[in-house]
Amino acid sequence: MTLAEIESLLDKSFAEARAALAGAANPAALEAARVQFLGQKGFLQAAKKSVGQLASVDDKKKAGKLCNDRDRELQDVYQANLDRLAREARVAELAQRQDITLPGRRSRRGHRHPLSTTCDDILAVLQGLGFEPAEGPEVEHDFYNFEALNIPRDHPARDMQDTFYVDAGGAEVVLRTHTSPVQARAMLAAGKPPLRVSCFGRVYRKDDDPTHSPMFHQIEGLYVDQNVTFADLKGTLQLFAERIFAPGVRVRLRPSFFPFTEPSVEVDISCFACGGTGRGGNVAAEDGRCRLCKATGFIEIMGAGMVDPEVFKACKLDPDHVTGFAFGIGVERVAMLRYGISDIRLLYENDERFLAQFP
Amino acid sequence: MHVSGKWLAELVDIPKDITPTSIAEKLTSAGLEVEAVVDLAAQLKGVVVARVDSCVPHPQADKLKLCRVDSGLPSGAVDVVCGAANVHGGALVCFAPPGMVLPGGKRIDVASVRGVTSHGMLCSASELGLEATSDGLLLLADGEPGVVVGAPVAPLVGRDDVVYVLGVTPNRPDALSHVGVARELAAALRTRMKLATPTCPERGGPIDGLARVTIEDPDGCPRYACRVIEDVAVGPSPRWLQARLAAVGIRSINNVVDVTNLLMMERGIPLHAFDYDKLGKSGSRAAIVVRGARAGETLVTLDGKERTLVEGDVVIGDVAGEHGRAIALAGVMGGRDTEVSSSTTRVLLEGAHFNASRVRRTARRLDLHSEASHRFERGADANGVLQSLDRAAGLVAELSAPHGKENRARVARGVVDSYPRKVAPAIVTLRPRRAAALLGVAPRVVDEAAVSKLLLSLGLEVEGREAEAIRFRVPTYRPDLTREVDLIEELLRLVGMDQIPSTLPARGGEANAGLFDVRRHQALSAARRALRAAGYDEAINLAFASPDDVARFPAWDGGGEPIRVKNPLGEERSLMRRSLLPGLVQNMATNHRRGVVEVRLYESGTVFLGRNGQGAMPRTDDRAAAAGRDAFALERPRLAGVASGASVGATFDRKEAAFDFFDLKGHLEELLDDVGVIGARFIGLDGAAVVAPFLHPRARASIQVEVDGADVVLGVAGELHPDISALHDLRSQAYAFDLDAELLAVAARARVRARPLPRFPSVRRDFALLVDAALPAAALQGCFAAAPAATGLLEHVAIFDVYQGKGVPDGKKSVAIGVTLRAADRTLTDAEVAAVVDGLLGGARALGAEVRAG
Ligand SMILES: [Zn+2]
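Residues numbered from 1 in each chain as written. Chains lettered and ligands numbered in written order. Predicted model: local features only at pLDDT ≥ 70, side-chain atom pairs only at ≥ 80, totals over all residues. Heavy atoms only, no water.

**Focus: the overall build of chain A**
For clarity, the cut-off: Helix numbering and strand numbering both begin at the N terminus, where a helix is a DSSP run of H or I of at least 4 residues and a strand a DSSP run of E of at least 2. Our radius of gyration looks at C-alpha atoms and nothing else; its globule reference is 2.2 Å times the residue count to the power 0.38. Relative accessibility thresholds used throughout: buried, under 20% of the residue-type maximum; exposed, over 50%; partly exposed, between the two (1.4 Å probe, protein chains only). Should any heavy atoms of two residues lie within 4.5 Å, those residues are counted as being in contact. We get accessible surface area from the Shrake-Rupley algorithm with a probe of 1.4 Å; when it comes to residues, only the shown protein chains can shield them. Charge counting follows a simple rule: Lys and Arg are positive, Asp and Glu are negative, and His as well as the terminal groups are ignored. Note on charges: their place is set at NZ of Lys, CZ of Arg, CG of Asp or CD of Glu.
When helices and strands are tallied, chain A shows twelve helices and ten strands. Over its C-alpha atoms chain A spans a radius of gyration of 44 Å, topping by over 25% the 21 Å that the globule rule assigns to 359 residues. Over its C-alpha atoms, taken along the principal directions, chain A stretches across nearly 130 × 55 × 45 Å. Out of the 359 residues belonging to chain A, those deemed buried represent 55%. Of the contacts made within chain A by residues no fewer than 6 positions apart, 66% connect residues no fewer than 24 positions apart. Accessible surface, chain A as shown: approximately 15,900 Å² in total, 50% of it carbon and sulfur. When the 45 basic and 50 acidic side-chain charges of chain A are each reduced to a single mean position, those positions are 10 Å apart.

So this is what it looks like as structure tokens:
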């Protein structure tokens, strides 16, 4: 080819190439145009090959420059369209919308039992007050469950706790009726004061109705030292109640009887449904009386007292030199109050639909 | 204990402005918890006095009458149909108008009775809740105070009363009587008791000629006294007495028995009345012998049941027959043969004191709990016997008025009183400073003067004084006050809880009782977190089991005879569980039955494997034993779970995948990782010592790990046996695991040591190996891990496909394995990688593997 032929080839195909590259409406068409005009078999390559065959150096220079100019120009056109198509594609992508209201894909999560949450919370509060956890056997010797706690055989106090007895040959063995035997064991094991423990776990009584389960959970606090006073008990109960229930909850003590404490008290807290007024609140009956506290304004929640000297003697501590207090709370009762559970049996059915309501 | 407000008001000065609610509060804050306050008058609200103006036979019914009744309403008299025989014109009756509800729950409506409209009802005593049964209407006497047409009936029949329902704690026998409650109320209100010493007019002959008492068992019966009343007429009690007993929940029987019950409720001392003429005599005298029962001796008690007695029971006997017979079970119940009946004319009244423990033992053995045994068990007042007896005898005589005849009843002169074991008042020394120290109050709150004043209000007396101490004489009706601390409790009650400051004790220096295994607690916490993350809900089951449960779910680590409850709530709860799984499988079945198949549950709890060899007796002399080693049972902390349903639930764009063994295994591997157990293996149970018959033979394993050079079985896991699934009607394939939490803690060894990140690249090579179908995957993994050529370079082995079927010969399977190789100090060369791969494949070939690709 001559210079003129090369120039003619470039002129003839340039406009076509430019139009194709600029006008391609999608990436595939653009790529096809690129291959057609700018690829190895395109007119530019053909022209470039012919340049080397020109005889004149001048012609070579001239034709070479022309090829390169056209090439650059078409490359720019190509790039511009490529960019434009990319931009348009992004705009189109950004215009898309997913149905974000479809449900999320969740992995299955387990739930804690409300009793174990409540139990852990109470233990954490007690730990904060310095009470270290303590555990003991559930199948328990009569001695630890009763005798050491000043509940002798043939004493009416035994009627306060309907007991399951264990077939033990000659030995006297029961299913523990409270966690107090752990207190006795803790005192015997520690050997000397001060001692501050929280005894917790399953306990058993021969009861089965909508408000009683034959197995339930208790937590007891025990503090033994020189010069522990009833005023200390009162202060501790107030703080304990505030941390378990709510700041500002009022605590009322009433004289009562437990064989292992003297003096003994029942501990009531002001009703959190009606604010202690006995009326209104979220569980009020039609006549306005609060159902949670039966309109009394108070809820019975705990038993407590100063450790009875007989208990110290049985646990090899000298009641002339040590005093102490103990208090006990039913975990079921707290959980039922806290979560508004009315039937205790729900707690032991383990229906997935019940358990899944708790965190 | 039901306490009548009217009765209380007769015993103690109650200021007029005090309401029943505030009396209840006073009693409750004194420690006598009032569980309910019942307004008896409210139950009869609306029932009024009415006059029957006229009374004619019902036109349609022979036995009915049509009455015109004037109840004082401005609208005038109304028609009432009545069936009672004793209704007559001019009668004054109790009229219940339409709209009211009677105490028994019956609602009065305007009703048509055989064609005649009846506007209300004329009531009998039983319909008003005053008597158990009645014969005809309750007629009111004209001219009696308050009997005015239109006036409320409640006060006329003794129902203008308020009943306090007390929950009396077992230490307070004194509060099982109105006098005792009145005493507390007087102390709380700072007012006085109004209790007169009873007197008994004795118009009969000397009692010595009528009765004698011998106490052969003074331990069982420290005191026995009696009086005799002659020419008694037994009959219904007057209305006031019936009303009084009804108010406190006691059924009226007859005037004699009612008097004994009245006294029991008034003074807390149970009395018993015998028909004197039915007692065995010695000469002319009734001979009472209080003695220990003979083994096998029988007695028919008042409730008509024959009781067989044992040694240790205390009986009241007489001298009838060759050896005498038992006529009453001391302190528990009288005998039928000597019961007071309508034909009784002479009564022997017993007032006695019995040994609390022995009464309790007898009552418990016979499951015979009476008002009397309830009081004697808790401790009645031995020294109040005579006063009760005097008042009772006087009342029996006074109320013995045969209808229309002269009252001839006479109380014999004197009382037989045998009192071999005198109950003396306790002398208790109180140090006011000690009281202040224990209560945490300022010394002046309970100084000597305050203490004396307070305790005197409860009937205590100052017996003497010592340096900084006062000796008090405690009345015998308060057997609970025997120690200084008991008096301090009384002071607290009287001072009031509000007067005690609130303080917080000092902290620090506490001894560690060692009754808490921190390591186990941490391991369990980690395990429970892992299970929750894997979707398991926490379950809590009762710890009982049935014999079937125990047979079907043996403990995988053995165990002895199950722990048996002697008095279970049914056979299905007669044993202590040896595994958590029966409960969990039951929970799963309940969920399935209710349509919930997606179930993952775990439980952390105690199982009871059998008896503990060191636990025959409590060992308080050994501190370590007292910390728990002397437990009667072998109690193990276990962690078990069950799962059924989907592994991954379906979503709007993905299909559900069923839960299978490898989901369970993965969950447990995660759990073991989180707890810090490293190198645990799942080992098939064929031929193993570990037994788990409740798991499906095709997929069950023990989980083992090496601890201190020995293999420890942590538990078992697998698919639930199809027989168990079928038995519980499970709706989906189920999986289960059971781990020992203590062993988990022992095996938890992991200490996290941070490693630097790798500095050189890894190389991954994948192979497909054709092996015998029975060759466990673990064998291939194991041979790779052990290959010498790969030592230090094999970072990871992953089995990513297992295939049997088309293209794979029968009896073979194709296993795709990927290995990741890396050197810590250099980039591996192709030649090095090739050498390692050669070594790995050589090992695989030694297991019979054929390399298909790689
Ligand atoms: Zn309330």
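From this point on, the discussion continues.
**Here's the deal with the overall build of chain B**
Of regular secondary structure, chain B possesses 21 helices and 42 strands. For 854 residues, the compact-globule estimate of 2.2 N^0.38 gives 29 Å, and chain B exceeds it by more than 25% at 41 Å. Projecting the C-alpha coordinates of chain B onto the three principal axes gives extents of approximately 130 × 85 × 65 Å. Burial statistics for chain B: of 854 residues in total, 52% are counted as buried. Partitioning the intrachain contacts of chain B with sequence separation of at least 6 by distance along the chain shows that 71% fall at a separation of at least 24. Working note: accessible area of chain B is about 38,000 Å², and carbon and sulfur atoms make up 50% of it. Here chain B holds 102 positive side-chain charges and 106 negative ones, and the gap between their average locations is 2 Å.

**Focus on the coordination of the zinc ion**
When a metal holds four donors in a tetrahedron, each ideal angle between them is 109.5 degrees; when it holds six in an octahedron, the ideal angles are 90 or 180 degrees. Basically, it comes down to this: Donors, by definition, are the N, O and S atoms found within 2.8 Å of a metal, the threshold being 3.2 Å for Na, K and Ca, and water is not counted, so a site can look incomplete. Tetrahedral means four donors with every angle between 85 and 135 degrees, whereas square planar (four donors) and octahedral (six donors) require angles over 155 degrees between opposite donors and between 65 and 115 for all others; sites fitting neither are termed irregular.
For the zinc ion, the full set of protein donor atoms is C271 of chain A (SG), C274 of chain A (SG), C290 of chain A (SG) and C293 of chain A (SG), and the range of their distances to it is 2.2 to 2.3 Å. Classification of the site at the zinc ion rests on its four donor atoms, whose angles at the metal span 104 to 113°, yielding the label tetrahedral.

**Topic: the domain arrangement of chain A**
Keep this limit in mind: Throughout, the edges of the domains are those of an automatic or database domain assignment.
Domain parsing of chain A yields domain 1 (3-97) and domain 2 (114-355). Its C-alpha centre places domain 1 of chain A at a distance of 91 Å from the equivalent point of domain 2 of chain A.

**Details of the layout of surface pockets**
Definition in use: Grid points spaced at 1 Å and placed over the protein atoms alone form the basis of the search, with a cavity being a set where a 1.4 Å probe fits but cannot get out and a pocket an open set showing protein on both sides within 12 Å along at least five of seven lines. Lining residues have an atom within 4 Å of a point. Grid points are joined across faces, edges and corners, and a volume is the space filled by probe spheres set on the points. Each residue receives one of three labels: charged for Asp, Glu, Lys and Arg, nonpolar for Ala, Val, Leu, Ile, Met, Phe, Trp, Tyr, Cys and Pro, and polar for the others, Gly being one of them.
Counted as a void, the second largest pocket has a volume near 1,400 Å³. The wall of the second largest pocket is formed by 48 residues, among which E135 and F200 of chain A together with R520, T606 and P637 of chain B lie closest to the centre. Among the secondary structure elements, those contributing two or more residues to the lining of the second largest pocket are α5 (114-128) and β5 (195-204) of chain A together with α13 (518-533), β31 (599-611), α16 (623-629) and β32 (633-644) of chain B. Here the lining of the second largest pocket is built from residues that sort into 18 nonpolar, 13 polar and 17 charged.

**Description of the packing of α13 of chain B against helix α17 (residues 661-675) of chain B**
Residues and elements named next belong to chain B. As a reminder of what qualifies: For helices, the fitted axis covers only the stretch in contact; all axes are lines through C-alpha atoms, and the angles between them, taken along N-to-C directions, range from 0 to 180 degrees. What makes a crossing left-handed is the near helix being turned counterclockwise from the far one by less than a right angle; a clockwise turn instead makes it right-handed.
α17 packs onto α13 with a crossing angle of 145° between their chain directions and a minimal axis gap of 8 Å. Every pair of crossing elements has a handedness; the one defined by α13 and α17 is right-handed. Contacts between α13 and α17 pair A523, A526, A527, A530 and L531 from the former with E670, L671, D674 and V675 from the latter. In terms of residue class, the contact of α13 with α17 is built from seven nonpolar, no polar and two charged.

**Here's the deal with the domain arrangement of chain B**
Much of the literature gives interface size as the accessible area that the parts lose upon coming together. When its domains are assigned, chain B resolves into domain 1 (2-41 + 162-189), domain 2 (45-157), domain 3 (207-418), domain 4 (426-494), domain 5 (518-747) and domain 6 (763-853). Averaged C-alpha coordinates put domain 3 of chain B and domain 4 of chain B at centres separated by 37 Å.

**Notes on the interface of chain B and chain A**
Quick note on the threshold: By buried area we mean how much accessible surface two parts lose on assembly, using a 1.4 Å probe and totalling the loss over both. In what follows, salt bridge is the name for a side-chain nitrogen of Lys or Arg lying within 4 Å of a carboxyl oxygen of Asp or Glu. Residues adjacent in sequence count toward polar contacts only when both atoms are side-chain atoms; beyond that, a polar contact is any pair of N or O atoms within 3.5 Å, and within protein one must be able to donate a hydrogen and the other to accept it.
Across the boundary between the two partners, chain B contributes 101 residues, which contact 99 residues of chain A. Both sides together, the interface formed by chain B and chain A hides about 8,500 Å², and carbon and sulfur atoms give 56% of it. On the chain B side of the interface with chain A, the three residues burying the most area are M497, L515 and I540 of chain B, jointly 8% of the side's total. Taken together, chain B and chain A are joined by ten salt bridges. Run the count over chain B and chain A and you get 47 residue pairs in polar contact (both at pLDDT 80 or more). Of all the elements, β31 of chain B adds the most residues to the side of chain B that touches chain A, at eight residues. The class makeup of the residues in the side of chain B that touches chain A is 44 nonpolar, 23 polar and 34 charged.

**Describing helix α4 (residues 57-95) of chain A**
Two residues of an α-helix separated by three or four positions point the same way, owing to the 3.6 residues in each turn. All names here are of chain A. Note the threshold: For a helix, the expected span equals 1.5 Å multiplied by the number of residues minus one.
Here α4 is 39 residues long and its end C-alpha atoms lie 56 Å apart, about the 57 Å a rise of 1.5 Å per residue gives. The set of residues buried in α4 consists of A63, G64, L66, C67, R70, D71, L74, V77, Y78, N81 and L85. Considering only its buried residues, α4 is in contact with α1 (3-23), α2 (27-38) and α3 (43-51). Regarding α4, its N-cap is S56, as a side-chain oxygen of that residue lies 3.1 Å from the backbone nitrogen of D58 further along.

**Considerations on the environment of V334 of chain A**
All names here are of chain A. You can see V334 is positioned in helix α10 (residues 331-339). Residue classification places V334 among the buried positions, given a relative accessible area of 1%. Taking the C-alpha atoms as reference points, V334 and F245, 89 residues apart in sequence, are found 8.9 Å from one another. With sequence-adjacent residues up to four places away left out, V334 is seen in contact with T118, I122, I244, F245, I301 and I329.

**What to know about the confidence of the model for chain B**
Heads up, the condition is: On a scale of 0 to 100, pLDDT captures the predictor's confidence in every residue.
For chain B, per-residue confidence averages 92 on the pLDDT scale, and residues scoring 70 or more make up 99% of the total. Scored as a whole, the predicted complex attains pTM 0.87, and scored at its interfaces, ipTM 0.88.

**Comments concerning a negative patch on the surface**
All names here are of chain B. Our working rule: Exposure above 30% relative accessible area and the absence of a salt bridge qualify a residue for a patch, where like charges join within 9 Å and nonpolar side chains (Val, Leu, Ile, Met, Phe, Trp, Tyr) within 5 Å.
A cluster of like negative charges, contributed by E669, E670, D673 and D674, occupies part of the molecular surface. Among the secondary structure elements, E670 is positioned in helix α17. With a relative accessible area of 44%, E670 lands in the partly exposed category.

**Re the nonpolar core**
The condition is simple: Note on terminology: a nonpolar core comprises buried Ala, Val, Leu, Ile, Met, Phe, Trp, Tyr and Cys residues joined through side-chain atoms within 4.5 Å.
Core analysis: the largest hydrophobic core is formed by 127 residues, its most contacted members being V139, F230, F240 and F327 of chain A together with M576 of chain B. With residues up to four places along the chain from it excluded, the contact list for F327 of chain A reads L126, F131, I219, E220, G221, L233, T236, L237, F240, M302, G303 and A304 of chain A. Core analysis: the second largest hydrophobic core is formed by 53 residues, L11, L32, L185 and L189 of chain B among them.

**A word on the packing of aromatic side chains**
Residues and elements named next belong to chain A. The following threshold applies: Only rings of Phe, Tyr and Trp enter the pairing, Trp through its six-membered ring, and a pair is recorded when the two centres are within 6.5 Å. The plane angle decides the type: under 30 degrees is stacked, over 60 is edge-to-face, the rest tilted.
Counted by the stated rule, this structure contains 19 aromatic pairs over all chains. Their ring planes at 80° and their centres at 5.8 Å tell us that F131 and F327 sit as a pair that is edge-to-face. You can see F131 sitting in the loop between α5 and β1 (132-134) and its partner F327 sitting in strand β10 (residues 323-330), a full 196 residues away along the chain. Take F131 and F327: they sit in the same class, and that class is buried. Ring geometry for F354 and F358: centres 5.0 Å apart, planes at 65°, overall edge-to-face. By relative accessible area, which is 7% here, F358 ends up buried.

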